[in-house]
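If you want the building blocks of each chain, they are given just below.
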Amino acid sequence: MTTPPTSSPCPTGPRPAEARTSGAALPEQGLPADRVLADLAELCADDHDYDDGTVFNSICSTPLPIAERVFAAHQHANLGDNRIFPSLARAEAEVTAMLAELMDGPGASGVATSGGTEANLLAVLAALRRHQRCFGTGGPARILLGDSAHFSFDKIAALLPVEVVRVPSDERLRVDTARLLPLITPDTALVVATAGSSESGAVDDVPAIAGHAAALGVPVHVDAATGGFLVPLARDLGEPLPAIGLSVPGVTSVTLDPHKYGGAPIPAGHVLFRDEEDPAALRTASHYRGTFDHHALLGTRPGGALLATWAALRAQGRGGYRVAVAGLWERRELLVRLLTEAGFEIAPRPELTVVTVRHPAPEKLVDELERQGLIASVARRLGLLRLVVHWHQDDRQLRRLVQALAEADGGRP
Ligand code: 0PR
């Protein structure tokens, strides 16, 4: 991982007390349910509710009511055991088919995951295995990605034998295509494009990147964890965003996160592959007769989240997601207008649902907001205030946010 250790790398003495849990001990005698639930309520007392109008930093939200119901009813379901839960293999195939349709790749294969990190990991692992098949295991498996790519790739680079080359962003905070393309060589293991950076919402120029990579035989993974349920729908609505899906020549895999804008509960991610060889390369043989071989990282897998995703997709339909995106875009425009009227500088113009604001001391603003119970964030590497529009907010709450920001900024109206 790229984050440097903050303390000595090899501590010798006892761990500091604050590093241990200060909470409840395991009771010798079990406690009555009432008491456990009362303690739990206390434990969670400081948690925010997405729907209470205080959360402006999160790409996740309350799942759709039907998804919550399905999740609660099937929380025991294990996608790692197809003998007990044969429905889940079918659900995985059907969710794959529905997501593949959203991503313009009918017939694509897919693997349900616990989220975007696992989905990206599987895409990189498949590319690594493909690279090893083609070039042997000797040379470095080089992966190119933008500075705007998610930090899950830093974790992946710490786990897999890959050499990550990060490419600077352009003024719109997308990977700088002009700097990226000359770095792609026929032995590049993978190029990662981001369709909705979590820091700024910027969408990389996927067609230009994939077209160039395809000509050199290099696979391209699109990380659409943030934008998968936004970009195709916004394009339906006529927004000038690039195509990001499997119909773009050269795109070989895509990450989607139904637990972000898909209305599914956490943990629900998915990776799609254009070429069947890629998921096949992920296979690990099961030790049990009659139980499927594994293609994911987790063994015991959250079947309830998969079924809830299946339900969310079917309950919403493409039309439902399109309506949701239209609402998000309206709210984003309202937020941009309110911020501008209050004298804040939007930088750059938002492409999706993340609104970034240039400010000399964004940390101070966010700390002051937090004192008032409102959660916003700072994109640290960009030095920008970062506000995330989601369907759990309404216009009134956005007005309150901007007012609180203006006040925190020194009493502007
Ligand atoms: N790729 C992209 C583009 C992402 O935005 C994320 C998550 C991932 C990969 C990793 O996905 P998982 O977190 O599902 O493994 N991005 C969010 C972010 O970094 C995660 C998040 C969501 C953080 C809600 C805080 C929060 O309140 O902003």
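Everything below is about the structure shown above.
Q: Summarise the overall build of the chain; cite the residues concerned and give the values.
A: Each helix and strand counted, the chain has 12 helices and 11 strands in total. The C-alpha atoms of the chain give a radius of gyration of 22 Å, which matches the 22 Å a tight globule of 413 residues would have. When the backbone C-alpha atoms are referred to their principal axes, the chain occupies close to 65 × 60 × 55 Å. Counting every position in the chain, which comprises 413 residues, the buried fraction comes to 50%. A separation threshold of at least 6 residues defines the contact pool for the chain, and within that pool the share at least 24 residues apart is 72%. With an accessible surface of roughly 19900 Å², the chain has 55% of that area assigned to carbon and sulfur atoms. Averaging the coordinates of the 38 positive side-chain charges in the chain and doing the same for the 49 negative ones gives two points 3 Å apart.

Q: Give me unusual backbone geometry: which residues, what numbers.
A: Of note, the amide linkage connecting Ile266 to Pro267 takes the cis form, showing an omega dihedral of 10 degrees. Inspection of the secondary structure assignment puts Pro267 in the loop between β6 (251-256) and β7 (269-273). Cis peptide bonds are those with omega within 30 degrees of zero, and the linkage from Ala347 to Pro348 qualifies with -15 degrees. Among the secondary structure elements, Pro348 is positioned in the loop between β8 (345-346) and β9 (354-358). A positive phi angle, close to 55 degrees, is found at Asp104, a residue other than glycine. Along the polypeptide, Asp104 turns up in the loop between α3 (86-102) and β1 (109-113). What makes Asp104 partly exposed here is its relative accessible area of 42%. Positive phi values are uncommon outside glycine, yet Leu173 reaches one of about 70 degrees. Inspection of the secondary structure assignment puts Leu173 in the loop between β3 (162-167) and α6 (177-180). Residue classification places Leu173 among the buried residues on the basis of a relative accessible area of 14%.

Q: Can you explain the pairing of strand β2 (residues 141-146)? Please cite residues and give values.
A: Extensive coverage of β2 is indicated by the burial of 5 of its 6 residues. Of the crossover connections in this fold, the one passing from β2 over helix α5 (residues 152-159) to the parallel β3 is right-handed.

Q: Any chance you could break down the packing of helix α2 (residues 65-73) against helix α10 (residues 303-341) for me, citing the residues and the numbers?
A: Interaxial distance between α2 and α10 falls to 8 Å at its minimum, and their mutual angle equals 155 degrees. With respect to α10, the element α2 is oriented roughly antiparallel. Considering only the axes of α2 and α10, their crossing is right-handed. Here Ile66, Ala67, Val70 and Phe71 of α2 come into contact with α10, specifically with Gly304, Ala305, Leu307, Ala308, Ala311, Ala312 and Ala315. For the contact of α2 with α10, the residue count by class is 10 nonpolar, 1 polar and no charged.

Q: Can you explain a nonpolar patch on the surface? Please cite residues and give values.
A: On the surface, a nonpolar cluster with roughly 330 Å² of combined accessible area is contributed by Leu37, Leu40 and Leu43. Tracing the sequence through the fold places Leu37 in helix α1 (residues 33-43).

The rules we used
- Residue indices begin from 1 for each chain and proceed along its sequence in written order.
- Local features in a predicted model are, by the rule used here, given only for residues with pLDDT of at least 70; side-chain atom pairs are given and counted only at 80 or more, and totals for whole chains, interfaces and linings are based on all residues.
- Values reported for side chains reflect all heavy atoms of the structure, with hydrogen atoms and water molecules removed beforehand.
- Helix and strand labels come from DSSP, where a helix needs a run of H or I of at least four residues and a strand needs a run of E of at least two; each type is numbered from the N terminus.
- Radius of gyration here is computed from C-alpha atoms only, and the compact-globule reference equals 2.2 Å multiplied by the residue count raised to the power 0.38.
- Each residue's exposure class comes from its accessible area (1.4 Å probe, protein chains only) as a fraction of the maximum for that residue type: buried when under 20%, exposed when over 50%, partly exposed otherwise.
- The contact criterion used throughout is that any non-hydrogen atoms of two residues lie within 4.5 Å.
- For accessible areas, the Shrake-Rupley method is used with a probe of radius 1.4 Å. Any residue's cover is judged against the shown protein chains and nothing else.
- Only four residue types enter the tally: Lys and Arg on the positive side, Asp and Glu on the negative side; His and the chain ends are excluded.
- Charge coordinates come from a single atom per side chain, which is NZ of Lys, CZ of Arg, CG of Asp or CD of Glu.
- Clockwise travel from the first strand over the helix to the second, with the strands pointing away from the viewer, marks a crossover as right-handed.
- Helix axes are fitted to C-alpha atoms over the stretch in contact, other axes to C-alpha atoms as well, and angles between N-to-C directions run from 0 to 180 degrees.
- Just so you know how the angles are binned, under 35 degrees is roughly parallel, over 145 roughly antiparallel, 65 to 115 roughly perpendicular, and the rest oblique.
- Each crossing gets its hand from how the near helix is turned against the far one by less than a right angle, where anticlockwise is left-handed and clockwise is right-handed.
- Following the grouping adopted for this structure description, the nonpolar residues are Ala, Val, Leu, Ile, Met, Phe, Trp, Tyr, Cys and Pro, the charged ones are Asp, Glu, Lys and Arg, and the polar ones are all others, Gly among them.
- Note on patches: the residues involved have over 30% relative accessible area and no salt bridge, like charges join within 9 Å, and the nonpolar side chains Val, Leu, Ile, Met, Phe, Trp and Tyr join within 5 Å.
- Whenever Lys or Arg places a side-chain nitrogen within 4 Å of a carboxyl oxygen from Asp or Glu, that contact is recorded as a salt bridge.

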